[in-house]
Amino acid sequence: MSERFPEIDWYCDRCNAYLNVQPGFDDHHYIWECTECGHKNSISAANIYESEDDYRNHKR
Ligand SMILES: [Zn+2]
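All of the points below concern the structure found in this document. Note that this is a predicted model, so its numbers are computed, not measured. (Residues numbered from 1 in each chain as written. Predicted model: local features only at pLDDT ≥ 70, side-chain atom pairs only at ≥ 80, totals over all residues. Heavy atoms only, no water.)

1. As for the coordination of the zinc ion
Link 1 in the chain: Listed as protein donors to the zinc ion are Cys 12 (SG), Cys 15 (SG), Cys 34 (SG) and Cys 37 (SG); their distances from the metal cover 2.3 Å.
Link 2 in the chain: The site at the zinc ion holds four donor atoms, and with the angles between them running 105 to 113°, its shape is tetrahedral.
Link 3 in the chain: Written as a sequence motif, the donor residues of the zinc ion are C-x2-C-x18-C-x2-C.
Link 4 in the chain: On the basis of relative accessible area, Cys 37 is assigned to the partly exposed category, the value being 27%. (Donors = N, O, S within 2.8 Å, 3.2 Å for Na, K, Ca; no water. Tetrahedral: all angles 85-135°; square planar, octahedral: opposite > 155°, others 65-115°. Buried < 20%, exposed > 50% of the residue type's maximum accessible area, 1.4 Å probe, protein only.)

2. Comments concerning the side chain of Gln 22
Link 1 in the chain: On the secondary structure map, Gln 22 appears in the segment before β1 (31–33).
Link 2 in the chain: A polar contact of 2.9 Å, which involves the side chain of Gln 22, links it to the side chain of Trp 32.
Link 3 in the chain: Once residues within four sequence positions are removed from consideration, Gln 22 is found in contact with Ala 17, Trp 32, Glu 33, Cys 34, Thr 35 and Glu 36. (Helix = DSSP H or I, 4+ residues; strand = E, 2+ residues; numbered from the N terminus. Polar contact = N/O pair within 3.5 Å; in protein donor to acceptor, adjacent residues only side chain to side chain. Contact = heavy atoms within 4.5 Å.)

Here is the structure:
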């Protein structure tokens, strides 16, 4: 099964951990619970940003 979002790097919204390498991570999950802090991150196209600056701008 291929990834839904190839080449997308996922980071925890709370602790900024790199989610792609967490045990069991799979972008077919719609919600991924960060193994570092337990934050439930939404894994969807709406959460993909061009860059970190773009991400910050959306939060304001
Ligand atoms: Zn986290």
